[in-house]
Amino acid sequence: MRIGLAQTRFPATHSEGIISVKKMIMEASEKNCDIICFPESILPGLRGVGYEVEAYNHEFQEHALENVCLLARMNHIGVILPMEWKDEVGMQLVAFVISKEGVILGYQTKNQIDLDEDQFGYQPGTGRQIFKIDDVNFGIVICHEGWRYPETVRWAARQGASIVFHPQFTGEVENPEFYDAAMVCRSVENNIYFASVNYSLENQNSTSALISPSGERLCKALPNVEELLIFDIEPKQASRLLAMRLKPELL
């Protein structure tokens, strides 16, 4: 499976965000990617991280999702599209999964909300899902979940995921070594691929990266550069050995 990790600029407006998404999907398709993943809440942008984000507009979100489904079908590429989404539960941070045929396969909610996000009234989701494209099982954990709640990644690995995608935002931080090491930990402690997708940011200390099931950093984006990381993964290399050796009854 050829994956694309889209390290995009932070969108200044709703419209700029969808233009950026379309551009990256087209590039990934031209380079024969099977799936592309975007950063956390690429539409309309993540709140509370130092950037102005437009007010939530559900009509725009619905229209953008429809357009991305059409793009996925036209370009025969799977898409992981993180968004804000409001429904009967309330406002949530989610990641939609769209098939190569342009069909919405479902979405993963952010269930563990960062302390700094409480002020925006986000509702935590419930439950986790495994998705499949081209017979490859994968899970999704969103930002804070992958950094501070490794159980979320372990769950996906134990349910058969060969790779876990990690849409996130990490800007200027005092301990970038933690974030880079955490990516490796999530991979090695489960023997799976771990694909972390950040924005392109000024003063960026930790960037998008793909880690192998043995902990090798297979590719890594440059800081403050908008780029599409592309890599061919071998799902059979994800043995999930350590994840499956866990004995929950002994905890």
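Throughout, residues of each chain are indexed from 1 in the direction in which the sequence is written. Confidence filtering applies because this is a predicted model: local features only for residues at pLDDT of at least 70, side-chain atom pairs given and counted only at 80 or more, and all residues used for totals across whole chains, interfaces and linings. Side-chain descriptors were evaluated using all non-hydrogen atoms of the structure, hydrogens and water having been removed beforehand.

1. Comments concerning unusual backbone geometry
Across the junction of Leu43 and Pro44, the peptide omega takes the value 10°, indicating a cis bond. The topology assignment puts Pro44 in the loop between strand 2 (35-37) and helix 2 (58-75). Positive phi values are uncommon outside glycine, yet Asp134 reaches one of about 55°. Per-residue accessibility, obtained with a 1.4 Å probe over protein chains only, is compared with the maximum for each type, and a residue is labelled buried under 20%, exposed over 50%, and partly exposed between these values. Judged by relative accessible area, which is 42%, Asp134 ranks as partly exposed. Secondary structure counts use DSSP, requiring at least four H or I residues in a row for a helix and at least two E residues in a row for a strand, with both numbered from the N terminus.

2. Let's talk about the pattern of salt bridges
A carboxyl oxygen of Asp or Glu within 4 Å of a side-chain nitrogen of Lys or Arg is what we treat as a salt bridge. The final tally for this structure, using the stated rule, is 11 salt bridges. We note a salt bridge from Lys23 to Glu226, for which the minimum N-O separation is 3.5 Å. Residue Lys23 is located in helix 1 (residues 14-30), and its partner Glu226 is located in the loop between strand 11 (217-220) and strand 12 (227-232); the two are separated by 203 residues in the primary sequence. Relative accessible area serves as the criterion here: at 28%, Glu226 is assigned to the partly exposed category. In this structure, Lys110 and Glu40 form a salt bridge, with 2.7 Å as the shortest nitrogen-oxygen distance. You can see Lys110 sitting in the loop between strand 5 (104-109) and strand 6 (131-133) and its partner Glu40 sitting in the loop between strand 2 and helix 2, a full 70 residues away along the chain. Of the two residues, Lys110 and Glu40, both sit in the buried class. Several salt bridges share partner residues, and in doing so they unite Asp34, Lys100 and Asp134 into one network.

3. With respect to the sheet that holds strand 3 (residues 78-87)
At least two bridges found by DSSP between two strands are what make those strands a pair. Pairing within the open sheet is mixed, and its six strands lie in the order 5-4-3-2-1-12. A single partner strand is all that each edge strand has here, and the edge strands are strand 5 and strand 12. Each neighbouring strand pair of the sheet contributes to a mean axis angle of 30°, computed without reference to strand direction. Summarising the sheet, strand 2 and strand 3 pair through three bridges and their orientation is parallel. Paired with Cys37 across the strands is Ile80, a residue of strand 3. The sheet contacts of helix 1 involve strand 1 (2-7), strand 2, strand 3 and strand 12, and relative to strand 12 the element is tilted by about 35°. Helix axes are fitted only over the stretch in contact, all axes being lines through C-alpha atoms; the angle between N-to-C directions runs from 0 to 180 degrees. Contacts: residue pairs with any heavy atoms within 4.5 Å of one another.

4. Thoughts on the side chain of Lys100
Checked against the element boundaries, Lys100 lands in the loop between strand 4 (90-98) and strand 5. A relative accessible area of 9% places Lys100 in the buried class. A polar side-chain atom of Lys100 sits 2.8 Å from a polar atom in the side chain of Asp34. Within 3.5 Å is the distance limit for a polar contact, defined as a pair of N or O atoms, with the added protein rule that one can donate a hydrogen and the other accept it, and that residues adjacent in sequence qualify only through two side-chain atoms. A distance of 2.6 Å separates a polar atom in the side chain of Lys100 from a polar atom in the side chain of Asp134. What Lys100 contacts, discounting residues up to four positions off in sequence, is Asp34, Ala72, Arg73, His76, Ile77, Gly78, Ile133 and Asp134.

5. Some remarks on helix 5 (residues 176-188)
The span one expects for a helix is its residue count, reduced by one, times 1.5 Å. Over its 13 residues, helix 5 extends 19 Å from the first C-alpha to the last, a length consistent with the 18 Å expected when each residue adds 1.5 Å. Residues of helix 5 that are buried: Pro176, Tyr179, Asp180, Ala182, Met183, Arg186 and Ser187. Each buried residue of helix 5 sits inside an arc of 155° when the element is viewed along its axis, so together they form one side. Those residues of helix 5 that are buried are in contact with helix 3 (144-148), helix 4 (151-158), strand 9 (193-197), strand 10 (209-211) and strand 11. Comment: arc refers to directions from the helix axis out to C-beta atoms.

6. Considering the layout of surface pockets
Here the largest pocket is characterised by a volume of approximately 350 Å³. Only protein atoms enter the 1 Å grid, on which a cavity is a set of points fitting a 1.4 Å probe that cannot get out and a pocket is an open set with protein on both sides within 12 Å along at least 5 of 7 lines, lining residues being those with an atom within 4 Å of a point. Lining the largest pocket are 17 residues, with Val49, Asp114, Asp116, Cys143 and Phe169 positioned closest to its centre. Broken down by element, the lining of the largest pocket gets its largest block of residues, three residues, from helix 3. Note on residue categories: nonpolar means Ala, Val, Leu, Ile, Met, Phe, Trp, Tyr, Cys or Pro, charged means Asp, Glu, Lys or Arg, and polar means any other residue, Gly included. Its residues placed into classes, the lining of the largest pocket shows eight nonpolar, four polar and five charged. Grid points are joined across faces, edges and corners, and a volume is the space filled by probe spheres set on the points.

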